[in-house]
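Coordinate inspection notes
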Amino acid sequence: MILLFLGPPGSGKGTQAKRLAERLGFPHIALGDILREAIRLGTEVGLLAKGFVEAGKLVPDEITIRITRERIIRPDCERGFILDGFPRSLIQAQALDETLKGADYKVVYFEVPLQAVIERNAGRWSCPNCGAVYHVKFNPPKQAGLCDKCGEKLYQRKDDNEEVIKTRFVVYEEQTAPLIKYYEQKGKLLKLNASADISEVCSRLLKVLGI
Ligand code: ADP
Ligand code: ZN
């Protein structure tokens, strides 16, 4: 099963993708995490991506398309995978369709009102080591500031400040939101009402997928 998660920043894609991937034994491929890791390590891709990611803009298509292609042809993706944060533009979506060569996939669209996503982004804390995400109010770690899973010190993403969150929304509206129609017309879109607590969204997601 190939799943693509689509929705505004902070709509809960990463949170749900992690849980579902664990449950299904699929890889969770989060492009944002891959890019942030590359930035942290100072790789060639990281150096190219840094300015874009930290400003809340899209990293150029040729880079994200290449990274995704290289990742989804790896053997651990044979049974299926969850793509989170890609595609984010029509060009990326078309490139993905070419790569998938007719393989079946579904797109889950996370619907959440704007006000809620802003609050979710602003309170997000992430683990630099295992990628787990927390929220000060909605999903706090057991020990303040530390990851439940691996004990690493949590951090706030550079793009999770108010200024950059605004840019990310504009970019989402302009470049990513048109994908809703694109996938709807292809009959691939599954709508998920993602404005509920994390475990409720998780049950809705399983239901929408018929699992
Ligand atoms: P995305 O991957 O779509 O950008 P995340 O999964 O990182 O979003 O979630 C953004 C923030 O909102 C995180 O701090 C997360 O803990 C929190 N969050 C996720 N889902 C919910 C939810 N259903 N209710 C409240 N907060 C949530
Ligand atoms: Zn961790």
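You'll find the structure just up there.
By convention here, each chain's residues receive numbers from 1 onward along its written sequence. Written order decides the labels, with chains lettered from A and ligands numbered from 1. Since the coordinates come from a predicted model, pLDDT governs what is reported: local features require at least 70, and pairs of side-chain atoms require 80 or more to be given and counted, while whole-chain, interface and lining totals use all residues. Values shown for side chains rest on all heavy atoms present in the structure; no hydrogens or waters enter the calculation.

Some words on the coordination of the zinc ion (ligand 2)
Sites may look incomplete because water is not among the atoms; the donors themselves are N, O and S atoms within 2.8 Å of the metal, or within 3.2 Å for Na, K and Ca. Looking at the zinc ion (ligand 2), the protein donor atoms are Cys127 (SG), Cys130 (SG), Cys147 (SG) and Cys150 (SG), and they sit 2.3 Å from it. Classification of the site at the zinc ion (ligand 2) as tetrahedral follows from its four donor atoms and the range of 100 to 120° in their angles at the metal. In primary-sequence terms, the residues that donate to the zinc ion (ligand 2) follow C-x2-C-x16-C-x2-C. Sites are called tetrahedral only when four donors show all angles between 85 and 135 degrees, square planar or octahedral only when four or six donors show opposite pairs over 155 degrees and all other angles between 65 and 115, and irregular in any remaining case.

So, the packing of aromatic side chains
For any pair of aromatic rings, the description rests on two quantities: the centre-to-centre distance and the angle between the ring planes. Pairing of aromatic rings covers Phe, Tyr and Trp, the last through its six-membered ring, and needs centres within 6.5 Å; plane angles under 30 degrees mean stacked, over 60 mean edge-to-face, and all others mean tilted. Tallying each qualifying case throughout the model produces three aromatic pairs. Between the aromatic rings of phenylalanine 5 and phenylalanine 110, the centroid separation amounts to 5.1 Å while the plane-to-plane angle is 55°, which identifies the pairing as tilted. On the criterion of sequence distance, the pair formed by phenylalanine 5 in strand β1 (residues 2–6) and phenylalanine 110 in strand β4 (residues 106–111) is long-range, its members being 105 residues apart. Like phenylalanine 5, the residue phenylalanine 110 is buried in the burial classification. Elements are defined by DSSP. Helices are runs of H or I of four residues or more, strands are runs of E of two residues or more, and each kind is numbered from the N terminus. Three exposure classes are used, based on accessible area relative to the maximum for each residue type with a 1.4 Å probe and protein chains only: buried under 20%, partly exposed in between, and exposed over 50%.

Focus: the site of ligand 1
The immediate surroundings of ligand 1 are formed by 18 residues, with Lys13, Thr15, Arg124, Tyr134 and Ala196 found nearest. One of the backbone nitrogen or oxygen atoms of glycine 14 is found 2.8 Å away from an oxygen atom of ligand 1. Using a 1.4 Å probe, the Shrake-Rupley method yields the accessible areas, and only the shown protein chains count as cover for residues. When ligand 1 is considered free in solution it has 570 Å² of accessible area, and contact with the protein chains removes 94% of it. Classification convention: Asp, Glu, Lys, Arg as charged; Ala, Val, Leu, Ile, Met, Phe, Trp, Tyr, Cys, Pro as nonpolar; all other residues, Gly among them, as polar. The residue makeup of the shell around ligand 1, split by class, is eight nonpolar, six polar and four charged. Near, as used in this document, describes a residue that has one of its heavy atoms within 4 Å of the molecule or strand being considered. Two N or O atoms count as a polar contact when they lie within 3.5 Å, although within protein this holds only if one can serve as hydrogen donor and the other as acceptor, and sequence-adjacent residues are included solely when both atoms are side-chain atoms.

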